[in-house]
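Structural characterization, general
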Amino acid sequence: MRYIPLLGQPLKSDAIIDLLEHWEADVVYEFDRDHEGEPDAYRACCTAGGAELVFDEDQTLTTVFLHAVAS
């Protein structure tokens, strides 16, 4: 999987949705519960795929964390 081209893609783009469906990932919505002025964020953890995707308040992919394993 090539993750770099996904940066900047919207959460609801076909490429992101395909990735989330493939890895059966759930999207977690993190909102400013304490009214501290923090922006909303969205995360998707693809445990089996070794990746976590972080989206900003505009639902745009900003960060990809990868878990490297020996092969």
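Note that this is a predicted model, so its numbers are computed, not measured.

A separate point is helix α1 (residues 14–22). Taken residue by residue, α1 has Ile16, Leu19 and Leu20 as its buried positions. Angular distribution of buried residues about the axis of α1 spans 95°; they occupy a single face of the element. Away from its buried face, by an angle of more than 90 degrees, α1 presents the exposed residues Asp14, Glu21 and His22. On the buried face of α1, the contacting elements are β1 (27–30), β2 (41–46), β3 (51–55) and β4 (61–66).

In this structure the tally under the stated criterion is two aromatic pairs. Members of the aromatic cluster, connected to one another through ring pairs, are Tyr29, Phe31 and Tyr42.

By the secondary structure assignment, aspartate 32 is in the loop between β1 and β2. One buried charged side chain, aspartate 32, makes no salt bridge at all; its nearest oppositely charged neighbour is arginine 33, positioned 8.3 Å away. Here glycine 37 takes part through its backbone nitrogen, which lies 2.7 Å from a polar atom of the side chain of aspartate 32.

Where charged atoms of side chains with opposite charge meet at close range, the side chains can pair. By the definition in use, this model includes two salt bridges. For the salt bridge of arginine 43 with glutamate 30, the shortest nitrogen-to-oxygen distance reads 3.2 Å. Taken together, the residues arginine 43 in strand β2 and glutamate 30 in strand β1 connect sequence positions 13 residues apart. For arginine 43, a relative accessible area of 28% corresponds to the partly exposed category.

With that settled, the discussion passes to the sheet that holds β3. With respect to topology, four strands assemble into an open sheet ordered β1-β2-β3-β4, the strand pairing being antiparallel. Because the sheet does not close on itself, it has two edges, and the strands there are β1 and β4. The average angle at which neighbouring strand axes cross in this sheet is 20°, direction not considered. Two strands pair when backbone bridges link them, and β1 and β2 are joined in this way by four bridges, in the antiparallel orientation. Pairing of tyrosine 29 across the sheet is with tyrosine 42, part of β2. Across the sheet, α1 is in contact with β1, β2, β3 and β4; its angle to β3 comes to roughly 140°.

Scoring rules and cut-offs
Residues numbered from 1 in each chain as written. Predicted model: local features only at pLDDT ≥ 70, side-chain atom pairs only at ≥ 80, totals over all residues. Heavy atoms only, no water. Buried < 20%, exposed > 50% of the residue type's maximum accessible area, 1.4 Å probe, protein only. Helix = DSSP H or I, 4+ residues; strand = E, 2+ residues; numbered from the N terminus. Arc of directions from axis to C-beta. Contact = heavy atoms within 4.5 Å. Phe/Tyr/Trp six-rings, centres within 6.5 Å; stacked < 30°, edge-to-face > 60°. Lys, Arg positive; Asp, Glu negative; His and termini not counted. Salt bridge = Lys/Arg side-chain N within 4 Å of Asp/Glu carboxyl O. Polar contact = N/O pair within 3.5 Å; in protein donor to acceptor, adjacent residues only side chain to side chain. Pairing = 2+ DSSP bridges. Axes fitted to C-alpha atoms, helices over the stretch in contact; angles between N-to-C directions.

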